[in-house]
Amino acid sequence: MNLKQEVTKGVFFTAIAKYAGIFVTLGVTAVLSRHLSPEQFGDVAFATVCLQFFTVFGDMGLGPAVIQKRDLSEDDLRGVFSLSIWAAVLLSLLYVGLSFALVRLDKDAGPHLLSVLLILSANLFFSTLNMIPNALILKQQRFGFAAVRSLVVQVVAGAIAIAAALMGFGIYALTINPILSSIALFVINFSQHPIKPRFKPGKAAVDKVLSFSAYQFGFQLVNFWGCNLDKFLIKSLSSSELGYYDKSYRLMQMPLQNISFVITPVLHPVLSQIQDDKSHISYSYLKVVKLLAYIGFPLAAAVFFMSDDLILFLFGDQWGASIPCMRILSLSIAIQMISSSSGAIFQAAGDTKRLFGCGLFSAFTCIAADVIGVFVYHTAEAVAAGLCIAYALNFIQCYHSLFVRCLKSGWGEFWKELIMPVVLCAILAVCLHFVKPFVITEYHIVNLIILTCIAGVISLAFIELTGAYRIIDTIKTKLCQLKNH
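Described in the following lines is the structure provided in the data block. (Residues numbered from 1 in each chain as written. Predicted model: local features only at pLDDT ≥ 70, side-chain atom pairs only at ≥ 80, totals over all residues. Heavy atoms only, no water.)

Thoughts on the packing of aromatic side chains
Aromatic rings in a pair are described by how distant their centres are and how their planes are angled relative to each other. Short version of the rule: Here a pair means two rings of Phe, Tyr or Trp (six-membered ring of Trp) with centres within 6.5 Å. Their orientation is stacked below 30 degrees between planes, edge-to-face above 60, and tilted elsewhere. Helix numbering and strand numbering both begin at the N terminus, where a helix is a DSSP run of H or I of at least 4 residues and a strand a DSSP run of E of at least 2. Burial here depends on accessible area, computed with a 1.4 Å probe over protein chains only, as a share of the maximum for the residue type. Under 20% is buried, over 50% is exposed, and the range in between is partly exposed. Two thresholds decide whether a charge sits over a ring: the Lys NZ or Arg CZ must be within 6 Å of the ring centre and within 35 degrees of the ring normal.
Scanning the entire structure with this criterion turns up 18 aromatic pairs. With 6.0 Å between their ring centres and 75° between their planes, Phe395 and Trp415 make a pair best called edge-to-face. Of this pair, Phe395 sits in helix α17 (residues 380-406) while Trp415 sits in helix α18 (residues 412-435), and the two are 20 residues apart along the sequence. For Phe395, a relative accessible area of 5% translates into the label buried. One aromatic cluster is present, built from ring pairs that chain together Tyr285, Phe395, Tyr399, Phe403, Trp411, Phe414 and Trp415. In this structure, Lys290 is placed above the aromatic ring of Tyr469, and the distance from its NZ or CZ to the ring centre is 4.7 Å.

Shown next as structure tokens:
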């Protein structure tokens, strides 16, 4: 199987799991949004950010290092897995201890915040344990198994969470999905790779992965603050303000999580096989950039004009205050969708040092945007606008570092791949601007269907007419193949 086939196969299986998870996630969110207040969602968002911070330390960059390193023995894996066990225990205890302090310091904390924080410690523990077994499955490119595993876990855990919400569990229903998922994934992955731990991790095993994982961990740490400080600062304004902002931010992130993040987990395991051939990596990645650009730029235009109907249909009229942030953040969908895949290329090329440098620059610009938005303008909308500017600056810096410094290929071809998708985005924005006033019904779902159909027809026609992708020829070929079979 060649490189293209491996990537296609991996993306196909990963997409199955991701897209099935969309319906589960939307179902849980839609039900809970009608049963919980913005203040409660703000508390859960705050608890989730705290959990993610500790998860960064639990990962330590060891998962990607296990995928990248070719010379790890069984004894080395035992040592690295033992290190993850110690990390899981110590971090969970530290997280529980700090939970009490966080609640005391937060005067705006809801009555259930402490309980939510403590319950989520189980997610931290099992997610950390799962790091090495999951990395081994990806290293072996068992994407089909990973997809089925994730799909089953998502459906079962999501169904239980929805049932809990309908039964009146309230805010605690939000904790069911992450906890059950982390436990189930660890049990399944460990059954595939039952690594026997030992008391001491072993210096030799840790040294083998340290040169790669140290910068990877550094990137994850600074990237965490760059991506999440906005939640901490907006929480200082009010829990409801954070609840509205977080709702729009999470909805904006869905295209990234379910399109770009379908491709990214496959890139590192597959491209690491040719890690010494930088020109081949560059050539292969440009095809990914082209695909993400043709999805991301028109999607950004569509989401901008459909923000009000999306928010009100999915979450209800009480979430109308989320619409302004949603519109602003939608402007960054395309560049975020493309740049979120860059980390896998730095990893595949073995250059996590430059990845760390890009993370530092990104964190600095995003933190500056957060601070100015909260302490100068005092609104979540200002934070969203500042982040859009920061994302644009990070996009330019990141891809200069990747193509010019890391892959040594120049970045002219990279920018050429973006020209036509940007033109499509502009055409779509103009069309939707003039059509939108005529698509106003009392049913938000009807508005969404009409605008989606218009955006889809325009986008597909543009792609076919410009020859970016031969959609009609591809469909004909597939139909002929099915007919012959």
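Now that the structure has been shown, the text picks up again.
Let's talk about the nonpolar core
Going by this rule: Definition of nonpolar core: a set of buried residues of the types Ala, Val, Leu, Ile, Met, Phe, Trp, Tyr and Cys, connected through side-chain atoms within 4.5 Å. Contacts are assigned to residue pairs that have any heavy atoms within 4.5 Å of one another.
Within the largest apolar cluster, 93 residues are counted, with the highest numbers of intra-cluster contacts made by Tyr245, Tyr285, Ile338, Tyr399, Leu402 and Phe414. For this core, the element with the most residues is helix α12 (residues 278-315), which contributes 19 residues. Apart from residues lying up to four places away in sequence, Tyr245 is in contact with Asp230, Ile234, Cys325, Leu329, Ala380, Val383, Ala384 and Leu387. Counting residues in each nonpolar core, the second largest holds 15 residues, with Leu62, Ile132, Leu136 and Phe143 among its members.

Overview of the side chain of Ser459
Tracing the sequence through the fold places Ser459 in helix α19 (residues 444-466). Among the residues examined, Ser459 registers a relative accessible area of 11% and is labelled buried. Residues contacting Ser459, with those up to four places away along its chain left out, are Pro298, Leu424 and Leu428.

Thoughts on the packing of helix α16 (residues 352-375) against α17
Cut-off, in case you're wondering: Each axis is a line fitted through C-alpha atoms, taken for helices only over the stretch in contact, and angles between the N-to-C directions span 0 to 180 degrees. If an angle is under 35 degrees, it is roughly parallel; if it is over 145, roughly antiparallel; if it lies from 65 to 115, roughly perpendicular; otherwise it is oblique. In a left-handed crossing the near helix is turned counterclockwise from the far helix by less than a right angle, and in a right-handed crossing that turn is clockwise. Residue polarity is assigned by list, with Asp, Glu, Lys and Arg as charged and Ala, Val, Leu, Ile, Met, Phe, Trp, Tyr, Cys and Pro as nonpolar; anything else, Gly included, falls into the polar class.
For the pair α16 and α17, the least separation of the axes is 8 Å and the interaxial angle reads 165°. Between α16 and α17, the angle falls in the class roughly antiparallel. For α16 against α17, the interelement crossing comes out right-handed. Across the contact of α16 with α17, the residue classes tally to 13 nonpolar, 7 polar and 3 charged.

A word on α19
The following threshold applies: To estimate how far a helix should reach, multiply one less than its number of residues by 1.5 Å.
Relative to the 33 Å expected for 23 residues at 1.5 Å per residue, α19 spans 33 Å between its end C-alpha atoms, a close match to the ideal helical length. For α19, every residue scored as buried is listed here: Asn447, Leu448, Leu451, Ala455, Ser459, Phe462, Ile463 and Glu464. Positive backbone phi, approximately 75°, marks Gly467, located one or two places after α19.

Quick word on a nonpolar patch on the surface
To keep things clear, this is the line we draw: Note that patches include only residues with greater than 30% relative accessible area and no salt bridge, and the join distances are 9 Å for like charges and 5 Å for nonpolar side chains (Val, Leu, Ile, Met, Phe, Trp, Tyr). Here the Shrake-Rupley method, with its probe set to 1.4 Å, supplies the accessible areas, and only the displayed protein chains count as covering residues. The working definition used for a salt bridge is a side-chain nitrogen of Lys or Arg within 4 Å of a carboxyl oxygen of Asp or Glu.
A surface patch of nonpolar side chains, amounting to about 500 Å² of accessible area, comprises Phe313, Tyr443, Ile445, Val446, Ile449 and Ile450. Along the polypeptide, Phe313 turns up in helix α12.

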